[in-house]
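Summary of the model geometry
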Amino acid sequence: QVQLVESGGGLVQPGGSLRLSCAASGSIFKIYAMDWYRQAPGKQREWVAQITSGGSPNYADSVKGRFTISRDNAKNTVYLQMNSLKPEDTAVYYCNADIASGIDLIPYDYWGQGTQVTVSS
């Protein structure tokens, strides 16, 4: 079994910063791409950012220049540094990862439970 656990969410004023973390644990042989998604109230879940196993990042246009995704492979952890936060960034943020548990290297898709980010004055 594999678990993803997010942390770091909270309430922040507009213009502020937060750093989210997502740690993977359990039966892990290899972690491929790791992503962050978010879901605002009444809206569909949307992709925010991805980092490949090689460390290459990609971002949604709505967060480009403000958010930075990174990973620590030794800790099986992905981070999302969020700066210049706006009220429209308010959402539950979810971690997603493709993880292989065995030597066959077949990846399976895993999700965390989500962490709430609220941007409000």
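1. A look at the nonpolar core
Nonpolar side chains tend toward joint burial in soluble globular proteins. Core analysis: the biggest nonpolar cluster contains 30 residues, and Trp 36, Leu 80, Met 82 and Tyr 93 have the highest contact counts within it. Each residue touching Leu 80, except ones within four places of it in the same chain, is listed here: Leu 18, Arg 19, Leu 20, Trp 36, Val 48, Ala 49, Phe 67, Thr 68, Ile 69 and Tyr 93.

2. Considering the sheet that holds strand β8 (residues 77–82)
The strand order across the open sheet formed by 4 strands is β1-β3-β8-β7, and the pairing between neighbours is antiparallel. A strand with exactly one partner marks an edge of an open sheet, and here the two such strands are β1 (2–7) and β7 (67–72). Mean inter-strand twist for the sheet, computed between neighbouring axes without regard to direction, equals 15°. One ladder, built from 6 bridges, connects strand β3 (residues 18–26) with β8; its direction is antiparallel. Bridge pairing in β8 links Arg 19 to Gln 81.

3. A few points about the pairing of β1
Residues of β1 alternate between two faces, with Val 2, Leu 4 and Glu 6 buried on one and Gln 3, Val 5 and Ser 7 left unburied on the opposite face. Looking at chain direction, β1 and β3 are connected through 6 bridges and run antiparallel. Residue Ser 7 lies in a different strand from β3, and its bridge partner there is Ser 21.

4. A word on the state of the cysteines
Enumeration over the complete set of coordinates arrives at 1 disulfide. Note that Cys 22 is cross-linked by a disulfide to Cys 95, the S-S spacing being 2.1 Å. Across the S-S bond of Cys 22 and Cys 95 the torsion is about -80°, and the bridge reads as left-handed. With Cys 22 in strand β3 and Cys 95 in strand β9 (residues 91–100), this pair connects stretches of sequence that are 73 residues apart. Grouping residues by exposure puts Cys 22 and Cys 95 together as buried.

5. A look at the packing of aromatic side chains
On inspection of all chains with the given rule, the structure shows 1 aromatic pair. Taking 4.9 Å as the distance between ring centres and 55° as the angle between the ring planes, the aromatic pair formed by Tyr 37 and Trp 111 counts as tilted. With Tyr 37 in strand β4 (residues 30–39) and Trp 111 in strand β10 (residues 107–111), this residue pair connects regions lying 74 residues apart in the sequence. Residue classification places Trp 111 among the partly exposed positions, given a relative accessible area of 36%. Here the basic side chain of Arg 45 rests over the ring of Tyr 94, its NZ or CZ set 3.8 Å away from the ring centre. Directly above the aromatic system of Trp 111 lies the positively charged group of Arg 45, at a separation of 4.8 Å from the ring centroid.

Scoring rules and cut-offs
- Residues numbered from 1 in each chain as written.
- Predicted model: local features only at pLDDT ≥ 70, side-chain atom pairs only at ≥ 80, totals over all residues.
- Heavy atoms only, no water.
- Core = buried A, V, L, I, M, F, W, Y, C linked by side-chain atoms within 4.5 Å.
- Buried < 20%, exposed > 50% of the residue type's maximum accessible area, 1.4 Å probe, protein only.
- Contact = heavy atoms within 4.5 Å.
- Pairing = 2+ DSSP bridges.
- Helix = DSSP H or I, 4+ residues; strand = E, 2+ residues; numbered from the N terminus.
- Axes fitted to C-alpha atoms, helices over the stretch in contact; angles between N-to-C directions.
- Disulfide = S-S within 2.5 Å.
- Phe/Tyr/Trp six-rings, centres within 6.5 Å; stacked < 30°, edge-to-face > 60°.
- Lys NZ or Arg CZ within 6 Å of the ring centre and 35° of its normal.

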